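# Topology and contacts: notes
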Amino acid sequence: MRVNAPRAELLREHGLAADAPTVALLPGSRPNELRRIIPGMAASLPLIRARVPGVQFLVAAAPNLADELFAPLLSVLVRERTDDVLAASDVVITASGTATVQAAIHERPMVVVYRLSPLTYLIGKPFVRVDTYAMANLVAGRAWCRS
């Protein structure tokens, strides 16, 4: 874990309030998964805003991905500084994958999301039985963790 900027500094750098509730959005690192995950993630943001006054969102964007992929999130985009984004957040909404381990290292509570292509879902559903979706849970050997 390499944090280059403290919470207040990173938030101020992007025009956000240091004392406001902050949600990190980590939608993935591949264009095809972003196209599937971002619409659902974007649909959740107004619901969160309605329940959490003053909430702000930071998107940790993987390198080499077009800005347009992230446009539906209407949030501050931060490139190549995922550790800083996680350190500045209070909670994380993340795609299932290695980002869950990164969020766990930062000890951030997280909501893990993923959406398969319809064909992959139809082919895999009869064969796959899992009780955890997050890599952090697989590493921990249990479905949830308590601090």
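Structure first, text after, so check above.
Residues numbered from 1 in each chain as written. Predicted model: local features only at pLDDT ≥ 70, side-chain atom pairs only at ≥ 80, totals over all residues. Heavy atoms only, no water.

### Side note on the pattern of salt bridges
- For the coordinates displayed, the defined rule picks out 5 salt bridges.
- One salt bridge connects E13 with R81, and the closest N-O pair in it is separated by 2.6 Å. On the criterion of sequence distance, the pair formed by E13 in helix α1 (residues 7-13) and R81 in the loop between β3 (76-79) and α3 (82-88) is long-range, its members being 68 residues apart.
- Classification of E13 by relative accessible area gives partly exposed; the value is 45%.
- Overlapping salt bridges, with partners in common, bring together E13, R81 and D84 in one network. (Salt bridge = Lys/Arg side-chain N within 4 Å of Asp/Glu carboxyl O. Helix = DSSP H or I, 4+ residues; strand = E, 2+ residues; numbered from the N terminus. Buried < 20%, exposed > 50% of the residue type's maximum accessible area, 1.4 Å probe, protein only.)

### A few points about the nonpolar core
- Judged by nonpolar contacts, the single largest core of 19 residues is most densely connected at L25, F70 and L73.
- If you list the elements that add at least two residues to this core, you get β1 (22-26), α2 (31-51), β2 (56-61) and β4 (91-95).
- Element by element, the count of residues in this core is highest for α2, at 6 residues.
- Setting aside residues up to four positions removed in sequence, L25 forms contacts with M41, L45, F57, L58, V59, A60, L73, S75 and I93.
- By size, the runner-up hydrophobic cluster in this structure holds 15 residues, among which are L16, L26, A60 and A99. (Core = buried A, V, L, I, M, F, W, Y, C linked by side-chain atoms within 4.5 Å. Contact = heavy atoms within 4.5 Å.)

### Observations concerning the sheet that holds β4
- Spatially, the 5 strands line up as an open sheet ordered β3-β2-β1-β4-β5, and their pairing is parallel. Taken across any chain shown, the strands that pair with only one partner, and hence form the sheet edges, are β3 and β5 (110-113). For this sheet the average axis-to-axis angle between neighbouring strands, irrespective of direction, equals 20°.
- Sheet topology places β1 next to β2; 4 bridges connect them, and they run parallel. Directly across from V23, in β2, lies its bridge partner F57.
- Each of β1, β2, β4 and β5 touches α2; the most contacted strand, β4, lies at about 160° to it.
- Running at roughly 165° to β4, helix α4 (residues 98-105) makes contact with β1, β4 and β5 of the sheet. (Pairing = 2+ DSSP bridges. Axes fitted to C-alpha atoms, helices over the stretch in contact; angles between N-to-C directions.)

Treat this as a map of the structure, not an account of what it does.
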